[in-house]
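Tertiary structure, described
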2 protein chains.
Amino acid sequence: MAEHNALPLIVLSEQFAKLPGIGMKTAQRLAYAVISMSDEEAKKFAEAIISAKQDVGYCTQCQNLTEFDLCPICSDSRRDSSVICVVETPKDVTAFERTNEYNGTYHVLHGLISPINSVGPDDIKLRELLDRINKNNITEIIMATNPTVEGEATAMYIARLLKPMGVMVTRLAFGIPVGGQLEYADEVTLYKALENRNEM
Amino acid sequence: MAEHNALPLIVLSEQFAKLPGIGMKTAQRLAYAVISMSDEEAKKFAEAIISAKQDVGYCTQCQNLTEFDLCPICSDSRRDSSVICVVETPKDVTAFERTNEYNGTYHVLHGLISPINSVGPDDIKLRELLDRINKNNITEIIMATNPTVEGEATAMYIARLLKPMGVMVTRLAFGIPVGGQLEYADEVTLYKALENRNEM
């Protein structure tokens, strides 16, 4: 990006480059694409950014992103509010909803406990989860954080915190992915699959 | 993208997905990134889109993108305005400028002649090039379109048009890229490299 490029184009490229996974070359390509949009399309795009930022907040109950006070899942009376699936991000909620199999509610932590990155229990939406458990009749908490070091540690931490409260805490099953091949599975996955084997 | 996602998020994702090379999954990821921006950052992003679209137009001479009437290259008196490098897109100008070796001016066609896509000579900025040649003292036109079917055809078409006007028309050299390996070069490139061999 040098002086021969129009300044507003450079500014826009730099804005795109701030997004995750967008390098300077892609950012420049996207900026050129905006230039070739119609005025109306560009305005719509800009408005969508402002609107998403202004109108989307956290659900007061499950902390998922929503434009309402209470998200559509929490306010749906057909969902089983006594079961809470605890996930790291709103994207994980979308993934579970795609299965069309889960009928409980969620709780989005917006992060994982990670002492290395100085993220403690107070930096994620854990207090809100404890509030929910105290105020409502919860029968099961499903820990659905990723099987990473931080994900496991956070699941363990929360499980230990909840056990004295008399709530059943479960963990997602880890094993060979459906359609996956044994020879390509890593050792840890294979070990987990063996350890959690079921009678047929 | 289902009903459990906040509507403004879906709208923004769809806007991102309209950009070239951005699929629905990436678009969703980018929309989430906008949500986690500060209000000020999101506003800056939206303003950059509007500003780029409103303030950037075509240089009245070379048709490159610029926020001025005449782009910085055309208005730079140190550049040799008697040499015009004809390219397809503004991105090609950026590529040439990066070499820091070219001191002439450019002409951006904003497209290539392509009968299959019903793009004729009148659909690209060819008339503007002829005007420039008629009005100014041009010594050389460098055809720098890509070595594709359309690029070659457009270069040939323009060259034939300009020959009777007494202008020297040259074509970029094509051959093995510097740092490239012979064994990975395709046949056409290798043939071009052989054909255009130079005495050492």
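No experiment lies behind these values; they were computed from the predicted model shown. (Residues numbered from 1 in each chain as written. Chains lettered and ligands numbered in written order. Predicted model: local features only at pLDDT ≥ 70, side-chain atom pairs only at ≥ 80, totals over all residues. Heavy atoms only, no water.)

Residue and element names in this part refer to chain B. Across four bridges, the pairing between strand S5 (residues 140-143) and strand S6 (residues 168-171) is parallel. Along S6, the bridge assignment pairs Ile-142 with Thr-170. One crossover worth recording links S5 to the parallel S6 by way of helix H6 (residues 149-162), and it is right-handed. (Pairing = 2+ DSSP bridges. Helix = DSSP H or I, 4+ residues; strand = E, 2+ residues; numbered from the N terminus. Right-handed = clockwise from strand over helix to strand, strands pointing away.)

Below, the discussion takes up the environment of Gly23(A). Topologically, Gly23(A) is positioned in the loop between helix H1 (7-17) and helix H2 (24-35). Linking Gly23(A) and Gly179(A), residues 156 residues apart in sequence, is a C-alpha distance of 33 Å.

This brings us to the pattern of salt bridges. Summed over the entire model, instances satisfying the criterion amount to ten salt bridges over all chains. The partner of Arg171(A) in a salt bridge is Glu152(A), with the nearest N and O atoms 3.5 Å apart. One end of the pair, Arg171(A), is in strand S6 (residues 168-171); the other, Glu152(A), is in helix H6 (residues 149-162), and 19 residues separate them in sequence. Relative accessible area serves as the criterion here: at 28%, Arg171(A) is assigned to the partly exposed category. The residue Asp76(B) makes a salt bridge to Arg78(B) at a minimum N-O spacing of 3.1 Å. The exposed category is assigned to Arg78(B), whose relative accessible area is 68%. (Salt bridge = Lys/Arg side-chain N within 4 Å of Asp/Glu carboxyl O. Buried < 20%, exposed > 50% of the residue type's maximum accessible area, 1.4 Å probe, protein only.)

The next point concerns the interface of chain B and chain A. Across the boundary between the two partners, chain B contributes 49 residues, which contact 49 residues of chain A. A buried area of about 4600 Å², summed over both sides, lies between chain B and chain A, and 72% of it is on carbon and sulfur atoms. In this assembly, chain B and chain A are joined by zero salt bridges. Applying the counting rule to chain B against chain A returns nine residue pairs in polar contact (both at pLDDT 80 or more). The set of elements that each furnish at least two residues to the side of chain B that touches chain A consists of helix H1 (7-17), helix H2 (24-35), helix H3 (39-55), strand S2 (65-66) and helix H4 (90-99) of chain B. (Contact = heavy atoms within 4.5 Å. Buried area = accessible area lost by both parts, 1.4 Å probe. Polar contact = N/O pair within 3.5 Å; in protein donor to acceptor, adjacent residues only side chain to side chain.)

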